[in-house]
Amino acid sequence: MDPNIDNPESPKPKYVVSKRLDSMFYSIYHAYQFILRFFREVFVPPYEFKEIIHQCYEVGYKSLPLISLTGFITGIVFTNQSRPSLANFGATSWLPSLISIAIVRALAPLVTALIAAGKVGSNMGAELGSMKVTEQIDAMEVSATNPFKYLVVSRIIATTFMIPVLVMYTAFVALFGAFLSVHSNEQTSFAMFFSQVFDSLSFLDIFSTTFKSTVFGFTIGAVGCYHGYNSSKGTEGVGRAANSAVVAAMFLIFVEEIIIVQIVNAFR
Amino acid sequence: MQQKAIDRNNAVIAIKDLKKSFGELHVLRGVDLEVYQGENLVVLGRSGTGKSVLIKIISGLLYPDAGEVNVLGREVETLNSKDLMELRLKVGFSFQNSALYDSMTVRKNLEFPLVRNSRNLRRKEINVQVERVLEAVGLSQTIEQMPSELSGGQRKRIGIARTLILKPEIMLYDEPTAGLDPITCIEINNLINEVQEKYNTTSIIITHDLTCAKQTGDRIAMLLDGQFAIQGTFDDVFASPDERVQSFYNYNFTK
């Protein structure tokens, strides 16, 4: 029998240093095993295409209203906040360039990922946690279905694919919001605004944003599923799983952002 | 109960010296058990004595610390994931809280194991099987309902129907009458007997409800202090002078 890494009854190692420190390292090891299992199972048939499409719909389509609103407001607010600083130097004509770089390189991926971590990550943590404590995951297992593949792999694939799409969408919505602000204050035309926007962006910007948002998407899915799939202690555990999923995903998103920015800047 | 044909030479489940602990808590302390083809075995015992742990080990949901668990001729603890999946097709598990997928309708709940394990089945054939198994548990009218719209007894029945759809050879019932009113309990007990007759299953029924034990069990095994202290027919078991057995009986029938 394969060692079941998700089995909460599996023996834990004896304490080596202290309970807290050992527990931390054990959690890291457990998470590592979880990710490893994802990569082991993702390429092996049967493929759950229907469930993946369903999850893409849940992650992507159902996040659109929130993402649209947030992206739009971010674009307007950032433009309005930047204008006075540039106006001091008589450089408001640089607004489209500044905004495009800020939105595409940093704001769109971060804002989208943080919103998705809150909405999608917590949803996954709570949903899988609830399934775990009500024995629905065990029920799948005894029905000769691989619950990890059906529930976890499909969700991680969905977030990994859909977050980059949502990031692109957020970037366009935010740029549109910024355009409305610039147009109403500086009377810049639509063509002029977007011409400046695209002139300021390089291939590296688009590539790094796509790569970054793919990493963010994987993180949101993996963290949400990990906490939900391994939740315990009844309804309290479900709440904790949802909460931990959001906190851990947000923390990891910032850490990844710092690392990726450093790497990309080395190529700039 | 009508005398059934139980093949005493054919043990479909054979457990030897099974041990399982959770930390310092030693739940199963050397369990030996054989369950024969066509038999309904009732496992009785107080809460927390490891009854559910036992059937979770039989279905491969939990791992034993020591001992051998042989189900349909295969050692469960040595099986790889693929072989375990194959074995699980033959072992149905009815959960204490039904464990219905609450985001799916009754139809989707019943289809789920079928679609996942017979991917070439046509829609028409799936519908026929779902309707047939729902009819067997007497709940055809609930097919488009969500689990949250069902009563406790209905949920139990749907849970049993979901396991029956894969036509298992062995049925494991975890507290089938827990939390139900006496009339619904009797209905569930009758359903367990009907399932055994119609599908020719071998069953292990975990319960602490003596009425359920009396109505469904061909044999009773009493789990006390991590071991089967006594086995036999209902009358044999409760004729035992063992104080623990008598107190269990008295509590159930004189409370």
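Keep in mind that what you see is a predicted model, and the values were worked out from it rather than measured.

Now for the overall build of chain A. Looking only at helices and strands, one finds nine helices and zero strands in chain A. Secondary structure elements of chain A, listed N to C terminal, follow the sequence α-α-α-α-α-α-α-α-α. Viewed in the frame of its principal axes, chain A has a C-alpha envelope of about 70 × 45 × 35 Å. Looking at chain A residue by residue over its 268 residues, the buried ones come to 41%. Long-range pairs, those at least 24 residues apart, make up 86% of the contacts in chain A between residues at least 6 apart in sequence.

Across its full length, chain B carries nine helices and 10 strands. Here the C-alpha radius of gyration of chain B, 18 Å, is about what a compact globule of 255 residues would show, namely 18 Å. Expressed as lengths along the three principal axes of its C-alpha atoms, the size of chain B is roughly 55 × 45 × 40 Å. Taken across its 255 residues, chain B has 43% of its residues classed as buried. Taking the intrachain contacts of chain B between residues at least 6 apart in sequence as the baseline, contacts between residues at least 24 apart amount to 66%.

Before going further, it helps to spend a moment on the nonpolar core. Core analysis: the largest hydrophobic core is formed by 122 residues, its most contacted members being Ile220 of chain A together with Val43, Ile58, Ala161 and Leu172 of chain B. Looking at this core element by element, the count peaks at 18 residues for helix 6 (residues 147-186) of chain A. What Leu172 of chain B contacts, discounting residues up to four positions off in sequence, is Ile55, Ile58, Ser59, Val91, Gly92, Phe93, Ser94 and Ile204 of chain B.

With that settled, the discussion passes to the interface of chain A and chain B. At the junction of the two partners, chain A supplies 15 residues and chain B supplies 24 residues. Each residue belonging to the side of chain A that touches chain B can be placed in one class, and the counts come to five nonpolar, five polar and five charged.

Here we come to the sheet that holds strand 1 (residues 7-22) of chain B. All names here are of chain B. The strand order across the open sheet built from four strands is 2-1-4-5, with neighbouring strands paired in antiparallel fashion. Two strands in the sheet have a free side with no partner beyond their single neighbour: strand 2 (25-37) and strand 5 (74-75). Summarising the sheet, strand 1 and strand 4 (residues 66-71) pair through five bridges and their orientation is antiparallel. Bridging from a neighbouring strand, Ile15 pairs with Val69 of strand 4.

Okay, the confidence of the model for chain A next. Confidence in the prediction of chain A, expressed as mean pLDDT, is 91, and 95% of residues score 70 or more. A low-confidence stretch, residues 1-6 of chain A (pLDDT under 50), is modelled with 15 contacts involving residues beyond four sequence positions or located in other chains.

Right, let's get into unusual backbone geometry. For the bond running from Pro45 of chain A to Pro46 of chain A, omega is 5 degrees, close enough to zero to count as cis. Looking at where Pro46 of chain A falls in the secondary structure, it is placed in the loop between helix 1 (19-42) and helix 2 (49-59). Phi angles above zero are rare outside glycine, and Ala144 of chain A is one such case at about 60 degrees. Among the structural elements, Ala144 of chain A can be located in the loop between helix 5 (136-142) and helix 6. If you check the backbone angles, Lys167 of chain B has positive phi at about 50 degrees while not being a glycine. Residue position: Lys167 of chain B is located in the loop between helix 5 (152-164) and strand 7 (170-174).

A few words now on the pairing of strand 9 (residues 219-224) of chain B. Residues and elements named next belong to chain B. Bridge count between strand 3 (residues 40-44) and strand 9: four bridges; the pairing is parallel. Residue pairing for strand 9: Val42 is matched across the bridge by Ile220. Pairing of strand 9 with strand 10 (residues 227-232), which is carried by five bridges, proceeds in the antiparallel orientation. Bridge pairing links Ala221 to Gln231 in strand 10. In this structure, the hairpin formed by strand 9 and strand 10 is closed by a connection of two residues, where Asp225 is found at a positive phi of approximately 50 degrees.

Reading the values: rules and limits
Residues numbered from 1 in each chain as written. Chains lettered and ligands numbered in written order. Predicted model: local features only at pLDDT ≥ 70, side-chain atom pairs only at ≥ 80, totals over all residues. Helix = DSSP H or I, 4+ residues; strand = E, 2+ residues; numbered from the N terminus. Buried ≥ 20, exposed ≤ 12 C-beta atoms within 10 Å, placed from the backbone. Contact = placed C-beta atoms within 7 Å. Rg over C-alpha atoms; globule rule 2.2 N^0.38 Å. Core = buried A, V, L, I, M, F, W, Y, C linked by C-beta atoms within 7 Å. Nonpolar A, V, L, I, M, F, W, Y, C, P; charged D, E, K, R; others polar. Pairing = 2+ DSSP bridges. pLDDT = per-residue confidence, 0-100.

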